[in-house]
Number of protein chains: 2
Amino acid sequence: MPVYKAPVEDVLFLLNDVFHIERFANLPGFADASADVVEAILGEAGRFCEGVLAPLNRVGDRQGCRRSDDGSVTTPEGFKQAYRQVVDGGWIGISVPQEYGGLGLPTALTQTVNEFMASANMAFAMYPGLTQGAIAALLRHGTAEQKSLYIPKMVAGDWTGTMNLTEPQCGTDLGLIRTKAVRQPDGSYKITGAKIFISAGEHDLAENIVHLVLARIEGAPEGTRGLSLFVVPKVMPDPDGTLGARNAVSCGSIEEKMGIHGNATCVMNYDGATGWLVAEENHGLQAMFVMMNEARLGVGVQGLALSEVAYQNAAQYAKDRLQGRAITGAKFADKPADPIIVHPDVRRILMTIRAFNEAARALILWTALNSDVAHRSDNAKDRESADDRLGLLTPVIKGVLTDLGFANAVMAQQVFGGHGYIAEWGMEQFVRDARIPMIYEGANGIQALDLVGRKLGKDGGRAVMALFGEMQAYIKEQAADAAMKPLVEPLGKALGHLQQATLWFAQNAMAKPDNAGAGATDYMHLFGLVVLGYMWCRIAAAAQRRVADDKSGRMNAKLVTARFFMERMLPETAAHLARIQSGAASLMELPAEAF
Amino acid sequence: MPVYKAPVEDVLFLLNDVFHIERFANLPGFADASADVVEAILGEAGRFCEGVLAPLNRVGDRQGCRRSDDGSVTTPEGFKQAYRQVVDGGWIGISVPQEYGGLGLPTALTQTVNEFMASANMAFAMYPGLTQGAIAALLRHGTAEQKSLYIPKMVAGDWTGTMNLTEPQCGTDLGLIRTKAVRQPDGSYKITGAKIFISAGEHDLAENIVHLVLARIEGAPEGTRGLSLFVVPKVMPDPDGTLGARNAVSCGSIEEKMGIHGNATCVMNYDGATGWLVAEENHGLQAMFVMMNEARLGVGVQGLALSEVAYQNAAQYAKDRLQGRAITGAKFADKPADPIIVHPDVRRILMTIRAFNEAARALILWTALNSDVAHRSDNAKDRESADDRLGLLTPVIKGVLTDLGFANAVMAQQVFGGHGYIAEWGMEQFVRDARIPMIYEGANGIQALDLVGRKLGKDGGRAVMALFGEMQAYIKEQAADAAMKPLVEPLGKALGHLQQATLWFAQNAMAKPDNAGAGATDYMHLFGLVVLGYMWCRIAAAAQRRVADDKSGRMNAKLVTARFFMERMLPETAAHLARIQSGAASLMELPAEAF
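Residues numbered from 1 in each chain as written. Chains lettered and ligands numbered in written order. Predicted model: local features only at pLDDT ≥ 70, side-chain atom pairs only at ≥ 80, totals over all residues. Heavy atoms only, no water.

Colleague: When you look at the overall build of chain A in this model, what are you seeing that I'm missing?
Modeller: Regarding its fold elements, chain A presents 17 helices and 11 strands. Here the C-alpha radius of gyration of chain A, 24 Å, is about what a compact globule of 595 residues would show, namely 25 Å. Seen through its C-alpha atoms, chain A measures out along the principal axes to roughly 80 × 60 × 60 Å. Looking at chain A as a whole, 64% of its 595 residues qualify as buried. For chain A, long-range pairs separated by at least 24 residues make up 73% of all intrachain contacts whose partners lie at least 6 apart in sequence. Summed over all atoms, the accessible surface of chain A reaches about 20400 Å², with 53% contributed by carbon and sulfur. Here chain A holds 56 positive side-chain charges and 65 negative ones, and the gap between their average locations is 4 Å. (Helix = DSSP H or I, 4+ residues; strand = E, 2+ residues; numbered from the N terminus. Rg over C-alpha atoms; globule rule 2.2 N^0.38 Å. Buried < 20%, exposed > 50% of the residue type's maximum accessible area, 1.4 Å probe, protein only. Contact = heavy atoms within 4.5 Å. Areas by Shrake-Rupley, 256 points an atom, 1.4 Å probe, with all protein chains shown as cover. Lys, Arg positive; Asp, Glu negative; His and termini not counted. Charge placed at Lys NZ, Arg CZ, Asp CG, Glu CD.)

The structure is reproduced here in structure tokens:
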């Protein structure tokens, strides 16, 4: 059975030594997050994920969710009890304002706990994860009544949340949504239509499910400008939260899918279900984007989470499995063979994954801190620049962390040889589960277009120029440090590639927008490598300060891994640049029928 | 349901226009392979795969194989009837000498039919595929009696074959094999032990199963030098082939695995089973390597096969699925949205896969022709150089074609968005099935070590120098052609990277062999890109000759795809070189406990 150990120490190192979370103490909620409180919370969350959620991961995969003829859905054995513990632990509302029953603590803690939960049991973690997204959308766009009715119930875990966008004829292109909303005399709406791919759409974990649904009000314009967002509860609540009659929304079927079997992916049928408008009429997409942006960061976290747990198991196997001898001579002559970790090609895999994991975790925490500044700071300028950065990094985190998270799960599986392909070892489940984050919440190609088509040019390129400026200044400053020079020099070269690529778009994509589309995915990955490289420099700088006093070897391991990243992963930036600069011509030349 | 159309026209173009198969007419069997015979065989094989095997692919995945308490195994519905058709079509023995009931035709035809079968139904195709491997081993190493007893039955499909190497404690490291063989007075041996991961180990498709088993004769040396190869039939045959009593070998269980559910992956228990020695005592590994090399080419073909069928389905979906508008303005203003093939990022995926598929198919056919020269030519010098090339290219084909075949299946799945994750669309099965070729018949890391550690230096580097020389001469010759120059120039640069990497190993891996291990996987992929690029140049040169008269657009599509390959895929060679040249230091520095 797979192992999992929550990387609590690494998170604490990042928060304390790399990002100096104490410097944010002026933000609301951060004063409560003292070092010992954070350590206690993460320690407890880690133990829960290791001891309760991880052992249920394979059970969930094997049993899946079952729909009964009455439309009810049963989750796998043990999920209900585990969900109750999540609720009792208060994990859902760690960062939700206290007035709604949350703890108001930094978002970085929520993202960390979510990482632990997704490593231990991704299909399970999606239930509270989607609730958090729904809370975020209602916090920002709900009426006062909606907030006070729904959010405390969701924080308490009594009600869970979903997002309902996709329909059979529309995924990426939400302008094609057909689900209808008809205004009723009492101000509510009757919602009619079918939604597909609704994660956690129906289940037995909580007494109610709060669906956030995109629909088109009768007579509204076509396209995305005619979409409105509605809150549609499974069971109708009184204003005080007492549950009444069942609403006309039901699960029509459960999808059979590649992975995340423990999460119910539902076809949801709305047959004149009662809903209430969230945000203004025809402004539903903007409101839904709040939820989607929250969700996109969360999906990036899933990419990291699966890469982390896959790494831990591959590393353990590589130390246990005796097979062959080191090319430089037997290392354990007394054993029938050496453990396979003596082989450079096995280490290449392990180093590649850990070089991703630590930097990806840093990137998420850094972005979470920016997110808190954007939402909590009393300084408008700080809020603006943090929000710029959040918007810029969200598609990078979603796209790059899930692409590489999946690739890493596949590499970790490879360490097991044939055993990696066999269900009982658990590695193939990680691969199947890790595949969906590349697709949902906007397929990664869409993330790349969001980055290149929207985020780069927004506000005259303000966000990207600020980030490039920060990195350039950092590189210049650190280059004077002999220990840091071997790291910031390659980063500077990679940043140069990113800047060249950015310039190339500016010069070549205005007249020929296909040039932007043709280079978008490469640009996103080029961007990701540069910011991960930047994270490694910051990690290394912090590790450098502690390495002399560190008996554990952990700080030295970070310095070695940083070097590995620069030598082995950053060189890819040149290939991305070459592809981007080759433009769209050879992609667009063939007629469709030639494919 | 997934579609599949066998790429017969492309194969004919490669055999006739690119490789001029008629020039090999002096080889035994090739005179029978006239253009119309080849076309008729491939056409018939294609129709069979499209019409019979492809519709059974999902059935096989859903039902899997079932083991009964008596140890018998039932294959999925329809497999028996389809297998009968494979047998009746004579597909198993296309390239087996006529004296054993085969057709003696070129190996290129066998590889092509195997590609079609694996595209249509990989789990099914493994049953005849393993039989072909067993035939190859017996042809080369069996006694005259063994050949005449077993091979005709296997060609006729009455008996199938397996290879039994892996045991729980040994996969890559066959020196750890514990299965024992005890010599009997009649010259036979009693085999005792347990083998795992035995594909097609037990089934209901044929009346007998011929197991080729590696075991250690009592008193033999430890390690691989004490291994012998045995033929162990499931049912004991009389010398004339009449079946007698059941042998003491049985299927203990079937593995539950990620994919290829239609193929029974068995634990095989040998309880004093009767076997006969193949090849000399303690020379089993060399004999098994014949089968493994044959199998490795076949596994490379599987990588291509899944990439091809995944491509076809993704291309079709991209032309059908209406979603969003072209960035340059609506292409189908009368429809609610444009088909997604208008988007450059979707085309990037499709072009990447097709740029692999066509060149990979060329590489396989070219290698198959070399294989026939190596085995059939009456000129010793020709045999030697063809055998050199076969040995050099085998690990590249196995490793690179399966790594990229899997990556391509994943990319093709991405084109489907959420539908790609749902079982009914079939794409997720392609991904699960495509994962195993990277692992079995020697995990791809082992292929890389075989290439770098064995094949490069063999006979003073004769094979690699001959190939580099041929490519250099070709590049020089074609550079004078204005149409070819834009293709051979980037190939020349990539070949330069490959030569630098080769030189770097020569200079840095003798004293520090970890430097070879650390760069092996990158070197294999660098090698693969260069030979695929060489294939594209040869395809383009042939297409160039026909493009003026080609009304179908197919020749122009090849020229565009060749350019795409050079612009988008070859730039990766520089990153591989940089990684190789970074050496082993940052991989080997950490102690095992730091992982």
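Back to the write-up after that little detour.
Colleague: Before we go on, may I ask you to explain the environment of A:Arg84 in this structure?
Modeller: Residue and element names in this part refer to chain A. Within the secondary structure, Arg84 sits in helix 4 (residues 79–89). For Arg84, a relative accessible area of 36% gives the class partly exposed. A C-alpha to C-alpha distance of 45 Å links Arg84 and Ala548, two positions 464 residues apart in sequence. Aside from chain neighbours lying at most four places away, what touches Arg84 is Asp158 and Leu205.

Colleague: What am I meant to see in the interface of chain A and chain B here?
Modeller: Note on interface size: it is often stated as the accessible area lost on association of the parts. The interface of chain A with chain B comprises 91 residues on the first partner and 91 residues on the second. Roughly 7800 Å² of surface becomes buried between chain A and chain B when both sides are summed, with 57% attributable to carbon and sulfur atoms. Contact with chain B buries surface across chain A, with A:Tyr421, A:Arg568 and A:Phe595 losing the most and accounting together for 12% of the total. Counting every contact that joins chain A to chain B gives nine salt bridges. For the salt bridge of B:Arg563 with A:Glu589, the shortest nitrogen-to-oxygen distance reads 3.2 Å. Here chain A and chain B share 56 residue pairs in polar contact (both at pLDDT 80 or more) between them. A total of eight residues in the side of chain A that touches chain B trace back to one element, the largest contributor, which is helix 15 (residues 554–569) of chain A. Grouping the constituent residues of the side of chain A that touches chain B by class yields 44 nonpolar, 21 polar and 26 charged. (Buried area = accessible area lost by both parts, 1.4 Å probe. Salt bridge = Lys/Arg side-chain N within 4 Å of Asp/Glu carboxyl O. Polar contact = N/O pair within 3.5 Å; in protein donor to acceptor, adjacent residues only side chain to side chain. Nonpolar A, V, L, I, M, F, W, Y, C, P; charged D, E, K, R; others polar.)

Colleague: Before we go on, may I ask you to explain the relation of the copies chain A and chain B in this structure?
Modeller: For these two chain copies, the linking operation is a rotation about an axis paired with a shift along it. Taken as rigid bodies, chain A and chain B are interconverted by a rotation of 180° and an axial shift of 0.0 Å, the fit giving an RMSD of 0.0 Å. The two molecules are tied by a two-fold rotation axis, judged by turn and shift. Rotation axis and chain A: the residue whose C-alpha lies nearest the axis is A:Ala575, separated from it by 3.4 Å. With an isologous cut-off of 70% or more, the 100% of interface residues of chain A that recur at the interface of chain B puts this contact in the isologous class. (Least-squares fit on C-alpha atoms with pLDDT ≥ 70 in both.)

Colleague: Would you mind showing me how to read the packing of helix 7 (residues 284–320) of chain B against helix 8 (residues 344–376) of chain B here?
Modeller: Helices that pack against each other are described as a pair by the angle of their axes relative to one another and the distance between those axes. Residues and elements named next belong to chain B. Interaxial distance between helix 7 and helix 8 falls to 9 Å at its minimum, and their mutual angle equals 150°. In terms of axis orientation, helix 7 runs roughly antiparallel to helix 8. You can see that helix 7 and helix 8 cross each other, and the crossing is left-handed. Contact residues: helix 7 offers Leu297, Gly300, Val301, Leu304, Ser307, Glu308, Tyr311, Ala314, Ala315 and Ala318, while helix 8 offers Val346, Leu350, Ile353, Arg354, Phe356, Asn357, Ala360, Arg361, Ile364 and Thr367. When its residues are assigned to classes, the contact of helix 7 with helix 8 shows 13 nonpolar, four polar and three charged. (Axes fitted to C-alpha atoms, helices over the stretch in contact; angles between N-to-C directions. Parallel < 35°, antiparallel > 145°, perpendicular 65-115°, else oblique. Left-handed = near helix turned anticlockwise from the far one by under 90°.)

Colleague: What am I meant to see in helix 2 (residues 35–53) of chain A here?
Modeller: Residue and element names in this part refer to chain A. Spanning 19 residues, helix 2 covers 26 Å between terminal C-alpha atoms, matching the ideal 27 Å at 1.5 Å per step. What helix 2 keeps buried is the set Val38, Ile41, Leu42, Gly43, Ala45, Gly46, Phe48, Cys49 and Leu53. Structurally, helix 2 contributes buried residues whose contacts are with helix 1 (8–18), helix 3 (57–63), helix 4 and helix 5 (107–141). (Expected span 1.5 Å × (residues − 1).)

Colleague: What am I meant to see in helix 16 (residues 572–581) of chain B here?
Modeller: An α-helix turns once per 3.6 residues; consequently, residues spaced three or four apart project the same way. Residue and element names in this part refer to chain B. Across the 10 residues that make up helix 16, a large majority, seven, are buried. Those residues of helix 16 that sit buried are Glu572, Thr573, Ala575, His576, Leu577, Arg579 and Ile580. Following helix 16 by one or two positions, Gly583 has its phi on the positive side, about 75°.

Colleague: Quick question: what am I supposed to make of the packing of helix 7 (residues 284–320) of chain A against helix 9 (residues 380–415) of chain A here?
Modeller: Residues and elements named next belong to chain A. Relative to each other, helix 7 and helix 9 sit at 25°, their axes nearing to 7 Å. In terms of axis orientation, helix 7 runs roughly parallel to helix 9. The two elements helix 7 and helix 9 cross, and the hand of that crossing is left-handed.

Colleague: Quick question: what am I supposed to make of the pairing of strand 4 (residues 180–183) of chain B here?
Modeller: Side chains on a regular strand alternate between the two faces of the sheet. All names here are of chain B. Taken together, the four bridges between strand 4 and strand 5 (residues 189–199) define a ladder with antiparallel strand orientation. Paired with Val182 across the two strands is Lys190, which belongs to strand 5. The turn joining strand 4 and strand 5, which pair antiparallel and follow one another in sequence, is formed by five residues; a positive phi near 95° is taken by Gly187. Pairing of strand 4 with strand 6 (residues 208–217), which is carried by two bridges, proceeds in the parallel orientation. (Pairing = 2+ DSSP bridges.)

Colleague: In this structure, what is going on with the domain arrangement of chain A? I would like to understand it.
Modeller: Residue and element names in this part refer to chain A. When its domains are assigned, chain A resolves into domain 1 (8–150), domain 2 (160–282) and domain 3 (459–587). Averaged C-alpha coordinates put domain 1 and domain 3 at centres separated by 31 Å. Contact residues are listed per partner, giving eight residues for domain 1 and 10 residues for domain 3. By the criterion of area lost to domain 3, the three top residues of domain 1 are Phe13, Asp17 and Val18, representing 58% of everything that side buries. (Domains from an automatic or database assignment.)

Colleague: What is the right way to look at the pairing of strand 11 (residues 265–278) of chain B in this model?
Modeller: All names here are of chain B. Strand 11 sits mainly inside the fold: 11 of its 14 residues count as buried. Pairing of strand 7 (residues 227–233) with strand 11, which is carried by three bridges, proceeds in the antiparallel orientation. In the sheet register, Leu229 faces strand 11, and the bridge partner there is Val278. Pairing between strand 10 (residues 249–254) and strand 11: five bridges, direction antiparallel. Counterpart to Ile254 in the pairing with strand 11 is Cys266.

Colleague: It is not clear to me how unusual backbone geometry should be interpreted in this structure. Could you clarify?
Modeller: Comment: phi is negative for the bulk of residues other than glycine, and the bulk of peptide bonds are trans. For A:Ile260, which is not a glycine, the phi torsion comes out positive at approximately 35°. Residue position: A:Ile260 is located in the loop between strand 10 (249–254) and strand 11 (265–278). On the basis of relative accessible area, A:Ile260 is assigned to the buried category, the value being 2%. With a phi close to 45°, B:His20 is a non-glycine residue in the positive phi region. Within the fold, B:His20 resides in the loop between helix 1 (8–18) and helix 2 (35–53).

Colleague: Looking at this model, I keep getting lost on the confidence of the model for chain A. Mind explaining?
Modeller: Predicted coordinates in areas of low pLDDT are best not read in detail. Summary statistics for chain A give a mean pLDDT of 97 and a share of 100% for residues scoring 70 or more. Scoring of the predicted complex yields 0.98 for pTM and 0.98 for ipTM. (pLDDT = per-residue confidence, 0-100.)

Colleague: Help me understand the packing of aromatic side chains, please; the structure alone is not making it clear to me.
Modeller: The description of an aromatic ring pair rests on the distance of the ring centres and on the angle between the ring planes. All chains considered together, the criterion is met by 27 aromatic pairs over all chains. Consider the rings of A:Phe406 and B:Phe406, whose centres lie 6.3 Å apart with planes at 20°: the pair is stacked. Placement of the pair is A:Phe406 in helix 9 and B:Phe406 in helix 9 (residues 380–415), with the two residues belonging to separate chains. Given the relative accessible area of 5%, A:Phe406 is considered buried. (Phe/Tyr/Trp six-rings, centres within 6.5 Å; stacked < 30°, edge-to-face > 60°.)

Colleague: How should the state of the cysteines be read in this particular structure?
Modeller: Two cysteines joined by a covalent bond between their sulfur atoms form a disulfide. Counted by the stated rule, this structure contains zero disulfides over all chains. Distance from the sulfur of A:Cys65, which forms no disulfide, to the nearest cysteine sulfur (A:Cys266) is 7.7 Å. (Disulfide = S-S within 2.5 Å.)

Colleague: How should the side chain of B:Asn313 be read in this particular structure?
Modeller: All names here are of chain B. Mapped onto the elements, Asn313 comes out in helix 7. Among the residues examined, Asn313 registers a relative accessible area of 7% and is labelled buried. The contacts of Asn313, once residues within four sequence positions are left out, are Pro2, Val3, Phe416, Met427 and Phe430.

Colleague: Before we go on, may I ask you to explain the pattern of salt bridges in this structure?
Modeller: If charged atoms from side chains of opposite charge come close, those side chains can pair. All names here are of chain B. Within this structure, the stated rule accounts for 66 salt bridges over all chains. Between Asp450 and Lys455 there is a salt bridge; the shortest N-O distance is 3.0 Å. Here Asp450 matches Lys455 in class, with each residue buried. Here Glu489 makes a salt bridge to Lys485, at a shortest N to O gap of 3.4 Å. A residue pair is termed a helical-turn pair when its members lie 3 or 4 positions apart in one helix, as Glu489 and Lys485 do in helix 13 (residues 485–508) at four residues.

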